[in-house]
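# Descriptive structure summary
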Amino acid sequence: MHRPIGLDKAPTILIRIPFTNTLWNRVQSDSIARFWAARGYTVVVQGTRGRYRSSGEFYPLMHERADGIETLRWLAQQPWYDGRLAMWGGSAFGHTQWAVSDQRSQGVKVFFVHIASSRFQNFFHPGGAFALESGLYWALQSYGDRDRNVDMEALDRGANGFPVIEADDRAATNIPFFDDWVREGPGSSYWDPIDGQDRARNAVAPMLLLAGWYDPFLPGMLRDFDALTSSPASAGSRLIIGPYSHAREIDWPGTPDKIPYRRGSVEPTISWFDEQLGVGNAVRPLPRVRIFVLGANVWRDENEWPLARTRFTPFYLRTDGALGPDGPSTRDAVDQFRYDPMSPVPTRGGAMLGPRAGVALQDPPGARGDVLSYVSAPLQGSMEVTGPIKATLWVATDAPSTDFTAKLSFVTRDGASYNLADGIVRRNYVPGERTEIEIDLGATSVVLAAGMRLRLDISSSNHPRFDRNPNTGENVATAKRTTVANQTIVRSVDAPSRILLPLIPD
């Protein structure tokens, strides 16, 4: 604990961290705590169960509500506590804030949650698939009695086999909470003590949410922001989206300088905590929304999300791999490919945990027969794409269950492609029947220069970002048998497949 000099009582900042008690972690927490204490705050850093300096058995996420409520009650009894409390932290210790966000008695007055949404089940199972690289990376990093550096070769060894639920065994050892994450899909009662019930709508205080364009929690955090600002108790919430993956800076093509994530996760506390807790040294209030616009490489303040001036514009899949705003003109036009789970499309960047997340050079169109690429004409002028992105596809398959993926990229003038956003949908099908599906690709903000192109890739795998559907209709977590699926994408007048782009007028 760190206390400000000369104050018997002061507002308190609580941080509950799930890290190992190492010299480096102590130095980091102490430096941040001293920074806040110098500004007049008491700072309490507490290890979560089984981590840092706390006893008990470590199991990520599961005990944070009970332990958090007990901590709040303890704080209320301390002689130096003045009734004003803030919480700070990201990822798993962002979850420690969501876990107590509905507590009115001894509750928190303000939150700063970064890179963590209120529903972790959606993080682990986006679109119905399992976020394999993220889940396995997390498990390999944190299982047992201490945190570890992740051997990416071991991660790949685990990810490349069947069944999925044994990926941890192939990579290192059996990790019970990884098995639970794989086995328990959205809606399972397993998630009740972790996610609670509608926590964003029931929050009792404003939240500052810090997200990243390439962070896997971004879609959930955008839903959280909408719920928070619709509720009177948290209507003053704020949103910042930066050029980050999960607690990491990204390498944007052609830009040598990175925007440091660590600094971005601390600097806003100065104005946010001071303003919300009524500390005398408060500075200019934060804007309602602040986004970093990729390509233009500037921060910009906005009033809402999505932006009110957005023009949601469909770009259609057309003949000969074209992508554009004009709808299809033919009937019964289809493109087809074969999806073999034993030869999945390899992941190239994206919104994941670990060092392979972020922006990455993509394979050229036509490099694989199981990826359909649709590319726009060169842009006549600059174009800004800022907002949520969804693809609506008409599909057919001969498999009882399979996946479809969509990835939006931009193509530079010299032909190099870089990923912006992607998504997946896993569901059952009536073999041979045309079905309309929607794939949520998350969101982005980017300015593309004249001469660049947009590219949309459609396939059925993106591995190991997502686990592979074996196409058999069996339980994907435990399936060992696979079969090839014949996939059809329809792009006709009566079944127009398209992507809806949030364009911002000049």
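Residues numbered from 1 in each chain as written. Predicted model: local features only at pLDDT ≥ 70, side-chain atom pairs only at ≥ 80, totals over all residues. Heavy atoms only, no water.

## Considerations on the overall build of the protein
As a reminder of what qualifies: By the criteria applied, helices consist of DSSP H or I runs no shorter than four residues and strands consist of E runs no shorter than two, each listed in order from the N terminus. Using a 1.4 Å probe on the protein chains alone, a residue whose accessible area is under 20% of its type maximum counts as buried, one over 50% counts as exposed, and one in between counts as partly exposed. Whether two residues are in contact is decided by their heavy atoms, any of which lying within 4.5 Å being enough. In this description, accessible areas are obtained by the Shrake-Rupley approach with a 1.4 Å probe, and a residue is regarded as covered only by the protein chains that are shown.
Within the protein one finds twelve helices and 19 strands. Each principal axis of the C-alpha distribution contributes one length, and for the protein these read about 75 × 55 × 40 Å. When burial is assessed residue by residue, the protein has 59% of its 506 residues classed as buried. Partitioning the intrachain contacts of the protein with sequence separation of at least 6 by distance along the chain shows that 77% fall at a separation of at least 24. Split by element, the accessible area of the protein, about 20000 Å² in all, is 48% carbon and sulfur.

## Considering the sheet that holds strand β2 (residues 42–47)
Sheet strands pair by backbone hydrogen bonding; their relative direction is either parallel or antiparallel. Where we set the bar: Two strands are counted as paired when DSSP detects at least two bridges linking them. Fitting a line to C-alpha atoms yields each axis, with helices limited to the stretch in contact; the angle taken between N-to-C directions then spans 0 to 180 degrees.
Strand order across the open sheet formed by eight strands is β2-β1-β3-β4-β5-β6-β7-β8, with mixed pairing between neighbours. The open sheet has two edge strands with one neighbour each: β2 and β8 (298–302). This sheet shows a mean twist of 20 degrees between the axes of neighbouring strands, independent of strand direction. Bridge analysis of strand β1 (residues 10–17) against strand β3 (residues 81–90) gives four bridges, and the strand direction is parallel. Bridge assignment links A10 to a residue of β3, and that residue is Y81.

## Thoughts on the packing of aromatic side chains
Quick note on the threshold: The criterion for an aromatic pair is that two Phe, Tyr or Trp rings (for Trp, the six-membered ring) have centres within 6.5 Å, with stacked assigned to planes under 30 degrees apart, edge-to-face to planes over 60 apart and tilted to the rest. Whether a charge lies above a ring is judged from NZ of Lys or CZ of Arg, which has to be within 6 Å of the ring centre and within 35 degrees of the ring normal.
This structure, assessed with the given rule, holds 27 aromatic pairs. Summarising the aromatic geometry, the rings of F19 and F93 are spaced 5.4 Å apart at their centres and angled 80 degrees between planes, so their arrangement reads as edge-to-face. Highlighted residues: F19 in the loop between β1 and α1 (23–37) and F93 in helix α3 (residues 92–98), separated in sequence by 74 residues. Accessibility expressed as a relative area gives 32% for F19, which makes it partly exposed. By relative accessible area, F93 is classed as buried at 9%. Sitting over the face of the ring of F58, R51 holds its NZ or CZ atom 3.8 Å from the ring centroid. The cationic tip of R148 hangs over the ring face of Y143; the distance from NZ or CZ to the ring centre is 4.0 Å.

## Observations concerning the pattern of salt bridges
Test applied: In what follows, salt bridge is the name for a side-chain nitrogen of Lys or Arg lying within 4 Å of a carboxyl oxygen of Asp or Glu.
Taken as a whole, this structure holds 28 salt bridges when the rule is applied. As a salt-bridge pair, R290 and D301 come within 2.9 Å of each other at their nearest N and O atoms. Separated by eleven residues along the polypeptide, R290 in strand β7 (residues 289–293) and D301 in strand β8 bring together distant segments of the chain. Among the ionic pairs, E302 bridges to R300, the shortest N-O distance being 2.7 Å. What makes R300 partly exposed here is its relative accessible area of 22%. The network of salt bridges with common partners includes R300, E302, R309 and E384.

## As for the pairing of strand β5 (residues 207–212)
Definition in use: Note on handedness: a clockwise path from strand one over the helix to strand two, with the strands aimed away from the viewer, defines a right-handed crossover.
For β5, a buried count of six out of six residues is recorded, marking the element as mostly surrounded by other parts of the structure. Residues M207, L209 and A211 line one face of β5 and the alternating positions L208, L210 and G212 line the opposite face, and both faces are buried. Pairing between β5 and strand β6 (residues 238–242): five bridges, direction parallel. Bridge pairing links A211 to I241 in β6. Each parallel crossover has a hand, and the one from β5 via helix α10 (residues 218–229) to β6 is right-handed.

## Concerning the packing of helix α5 (residues 132–142) against helix α6 (residues 152–159)
Where we set the bar: By the definition adopted for this analysis, an angle is roughly parallel if under 35 degrees, roughly antiparallel if over 145, roughly perpendicular if from 65 to 115, and oblique otherwise. Left-handed describes a crossing in which the near helix is turned anticlockwise from the far one by less than a right angle; the clockwise case is right-handed. Classes in brief: Ala, Val, Leu, Ile, Met, Phe, Trp, Tyr, Cys and Pro nonpolar; Asp, Glu, Lys and Arg charged; the others, Gly included, polar.
Following both chains from N to C, one finds α5 and α6 inclined at 125 degrees, their axes separated by 10 Å at the closest point. Relative to α6, α5 is oriented oblique. Judged by the sense of rotation from one axis to the other, the crossing of α5 with α6 is right-handed. Of the residues in α6, those touching α5 at L132, E133, L136, Y137 and L140 are M152, L155, G158 and A159. Here the contact of α5 with α6 is built from residues that sort into seven nonpolar, one polar and one charged.

## Comments concerning the layout of surface pockets
To locate leftover empty space, one rolls a probe as large as a water molecule over the atoms. What counts here: With a 1 Å grid laid over protein atoms only, a set of points is called a cavity when a 1.4 Å probe fits there but cannot get out and a pocket when it is open yet has protein on both sides within 12 Å along at least five of seven lines; lining residues have an atom within 4 Å of a point. Grid points are joined across faces, edges and corners, and a volume is the space filled by probe spheres set on the points.
The space that makes up the largest pocket amounts to roughly 1200 Å³. Along its surface, the largest pocket is lined by 42 residues, and F19, N25, F93, Q141 and R262 are the ones closest to its centre. Mapped by element, the contributors of at least two residues to the lining of the largest pocket are β1, α1, β3, α3, α5 and α11 (261–266). Per-element accounting of the lining of the largest pocket gives the leading share, five residues, to α1. Its residues placed into classes, the lining of the largest pocket shows 21 nonpolar, 16 polar and five charged. Contributing elements (two or more residues each) for the lining of the second largest pocket: α4 (120–124), α10, β15 (417–428) and β16 (435–448). Considering only residue class, the lining of the second largest pocket consists of 16 nonpolar, ten polar and six charged.

## Re the sheet that holds β15
The strand order β12-β17-β14-β15 describes an open sheet built from four strands, whose pairing is antiparallel. What marks the edges here is a single partner per strand, and that holds for β12 (372–375) and β15. Mean inter-strand twist for the sheet, computed between neighbouring axes without regard to direction, equals 15 degrees. Strand direction decides the pairing type here: β12 and strand β17 (residues 453–459), joined by four bridges, are antiparallel. Pairing of L372 across the sheet is with I458, part of β17.

## Here's the deal with the side chain of D195
Applied cut-off: Under this rule, positive means Lys or Arg and negative means Asp or Glu; His and the chain ends count for nothing. Pairs of N or O atoms are called polar contacts if they sit within 3.5 Å, as long as, within protein, a hydrogen donor faces a hydrogen acceptor (for residues adjacent in sequence, only side-chain-to-side-chain pairs).
Topologically, D195 is positioned in helix α9 (residues 192–195). Buried D195, no salt bridge; nearest opposite-charge side chain is R119, N-O distance 5.1 Å. A polar contact of 3.0 Å, which involves the side chain of D195, links it to the side chain of Q121.

## Some remarks on α6
Short version of the rule: Note that the arc is defined by the directions from the helix axis to the C-beta atoms.
For α6, the set of buried residues is M152, A154, L155, G158 and A159. Buried residues of α6, seen end-on, are gathered within an arc of 155 degrees and therefore sit on one face of the element. The inward-facing, buried residues of α6 contact α5 and α7 (167–171). N-capping of α6 is provided by D151, with a side-chain oxygen placed 2.9 Å from the backbone N of E153.

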